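Working through the structure, step by step
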Amino acid sequence: MLKVEKFVVNPLQENTYVISDETGECIFVDPGFYFRQEHREIKEYVTDNQLKPVMIANTHCHFDHIMGVEFIREEYEIPFCAHPDDAFWVEKAVDQGEMFGFEMKPVGAPNSFFHENETLEFGNTSFRIIHVPGHSPGHVVFYAEKENVLIGGDVLFYGSIGRTDLPGGDHQTLISNIKNKLFSLPGKTKVFCGHGPETTLEFEKTSNPFLT
Ligand SMILES: [Zn+2]
């Protein structure tokens, strides 16, 4: 049984997900923990639920999605994984943060890399990795077919799509990837977004103004 717990964190209201299953193993998706209170809350959640963190899995590496990487990597001694085409964003994180008015510590390079069609596995759970560039060049989403769950990062939002005006972004690429790679998955698939509420592929396919 997959459990997806959402933490809305940092001043950009980014969704960090802790995903666990019946084995107690868990992964952190896009840890954006920034404030001390957020650090306390996540440690409590892990302890209270007796979870065993095994990996940091990033959909992409914009600064608001990696603000909490070093805290989690050090606290639980687990690897940070992302797509190689977003590694440059990790190096730019401090500068990008500054541009948005946030002070943050540097984030070290990923420990290992995801590639399209590989699987991300922990406990009894398996996610397929789908490369969906457009919002950022190394953006990936995690798809659990059995559970009808898609961890979508900043590709697709409830009634909206990710911005494409940052370096490496491209609007047409984003639109065609959503239509070809995501809308070919079952409509009932529940999408957990990088910001805002959850949605489903069916709902976005029929009502999203950017995609209809
Ligand atoms: Zn982003």
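Residues numbered from 1 in each chain as written. Predicted model: local features only at pLDDT ≥ 70, side-chain atom pairs only at ≥ 80, totals over all residues. Heavy atoms only, no water.

1. So, the overall build of the protein chain
Defined as follows: Secondary structure follows DSSP: runs of H or I at least 4 residues long count as helices, runs of E at least 2 residues long count as strands, and numbering of each begins at the N terminus. With the radius of gyration taken over C-alpha atoms, the globule rule is written as 2.2 Å times the number of residues to the power 0.38. With a 1.4 Å probe rolled over the protein chains alone, any residue whose accessible area is under 20% of its type maximum counts as buried; one over 50% counts as exposed, and the rest are partly exposed.
Along the protein chain, the regular secondary structure elements total seven helices and 14 strands. On C-alpha atoms alone, the protein chain measures out to a radius of gyration of 16 Å, which is about the 17 Å that the 2.2 N^0.38 rule sets for 212 residues. Projected onto its principal axes, the C-alpha coordinates of the protein chain cover approximately 45 × 40 × 25 Å. Sorting the 212 residues of the protein chain into buried and exposed places 55% on the buried side.

2. Re the coordination of the zinc ion
Note the following rule: Shown as donors are all N, O and S atoms within 2.8 Å of a metal ion, widened to 3.2 Å for Na, K and Ca; because water is not in the atom set, sites may appear incomplete. Site shape is set this way: if four donors have all angles between 85 and 135 degrees, tetrahedral; if opposite donors are over 155 degrees apart and all others between 65 and 115, square planar for four donors and octahedral for six; otherwise irregular.
Protein-derived ligands of the zinc ion are His60 (NE2), His62 (ND1), His135 (NE2) and Asp154 (OD), with the metal-ligand distances lying across 2.2 to 2.4 Å. Because the angles between the four donor atoms bound to the zinc ion fall within 86 to 172°, the donor set is best described as irregular. Read from N- to C-terminus, the donor residues coordinating the zinc ion fall into the pattern H-x1-H-x72-H-x18-D. On the criterion of sequence distance, the pair formed by His135 in the loop between strand S8 (125-131) and strand S9 (140-144) and Asp154 in the loop between strand S10 (149-153) and strand S11 (156-157) is long-range, its members being 19 residues apart. For His135, a relative accessible area of 3% puts it in the buried group.

3. Examining the UniProt feature "domain: Metallo-beta-lactamase" (unreviewed entry) in the protein chain
Definition in use: UniProt positions are given in the numbering used here, feature names are shortened, and annotations may be inferred rather than shown by experiment.
In the numbering used here, UniProt assigns the "domain: Metallo-beta-lactamase" (unreviewed entry) feature to residues 13-195. Between the C-alpha atoms that bound residues 13-195 the distance is 7 Å, and the span itself is 27% helix and 28% strand.

4. Points about helix H3 (residues 69-76)
Spelled out, the test is: The contact definition used throughout considers only heavy atoms, calling two residues in contact when any of these lie within 4.5 Å.
Of all eight residues in H3, six are buried; the element is thus mostly enclosed. Buried within H3 we find Val69, Glu70, Phe71, Ile72, Arg73 and Tyr76. Tucked inside the fold, the buried residues of H3 contact strand S3 (25-29), helix H1 (36-48), strand S4 (52-57), helix H2 (63-66) and strand S5 (80-82). Phi for Glu77, located one or two positions after H3, is positive at around 50°.

5. Topic: the pairing of S3
Definition in use: We treat two strands as partners when DSSP finds at least two bridges between them.
In terms of burial, S3 is largely enclosed, as four of its five residues are buried. Bridge count for strand S2 (residues 14-20) against S3 is four bridges, and the pairing is antiparallel. Within S3, the position partnered with Ile19 by the bridge is Ile27. When S3 meets S4, the two strands line up parallel, connected through five bridges.

6. Points about the nonpolar core
Generally speaking, soluble globular proteins have nonpolar side chains that are buried together. Short version of the rule: Working definition of a nonpolar core: buried Ala, Val, Leu, Ile, Met, Phe, Trp, Tyr and Cys residues. They are joined through side-chain atoms within 4.5 Å.
Core analysis: the biggest nonpolar cluster contains 29 residues, and Val18, Phe28, Ile42, Ile66, Ile72 and Phe80 have the highest contact counts within it. Elements with a minimum of two residues in this core: strand S1 (3-9), S3, H1, H2, H3, S5 and helix H4 (87-91). Those residues in contact with Ile66, other than ones at most four positions away along the chain, are Pro31, Asn58, His60, Cys61, Phe80, Trp89, Val90, Ala93, Met104 and Val107.

7. Quick word on helix H6 (residues 171-182)
Condition: The span you would expect from a helix comes to 1.5 Å times its residue count less one.
For H6, with 12 residues, the first-to-last C-alpha span of 16 Å sits near the 16 Å given by 1.5 Å per residue. Against S9, S10, S11, strand S12 (160-161) and helix H7 (201-207) lie the buried residues of H6.

8. Let's talk about the sheet that holds S2
Our working rule: Here, axes are lines fitted to C-alpha atoms. For helices the fit covers the stretch in contact, and angles between N-to-C directions go from 0 to 180 degrees.
Taken in spatial order, the six strands of this open sheet run S1-S2-S3-S4-S5-S6, and their pairing is mixed. Here the strands that pair on one side only, and so sit at the sheet edges, are S1 and strand S6 (112-113). Pairing between S1 and S2: seven bridges, direction antiparallel. When the bridges of S2 are listed, Lys6 appears paired with Tyr17. Against the sheet, H3 touches S3, S4 and S5, its axis set at about 145° to S4.

9. Some words on the pattern of salt bridges
Under the convention used in this document: By salt bridge we mean one thing: a side-chain nitrogen of Lys or Arg within 4 Å of a carboxyl oxygen of Asp or Glu.
Scanning the entire structure with this criterion turns up five salt bridges. Where Glu198 meets Lys6, a salt bridge forms, and the shortest distance between an N and an O atom there is 2.9 Å. A residue pair is termed long-range when its members are at least 10 positions apart, and Glu198 in the loop between strand S13 (190-193) and strand S14 (199-200) and Lys6 in strand S1 qualify at 192 residues. The class of Glu198 is partly exposed, set by a relative accessible area of 28%. Across the pair Lys181 and Glu116 runs a salt bridge, and its minimum N-O distance is 3.0 Å. On the criterion of sequence distance, the pair formed by Lys181 in helix H6 and Glu116 in the loop between S6 and strand S7 (119-122) is long-range, its members being 65 residues apart. On the basis of relative accessibility, which here comes to 25%, the residue Lys181 falls in the partly exposed class.

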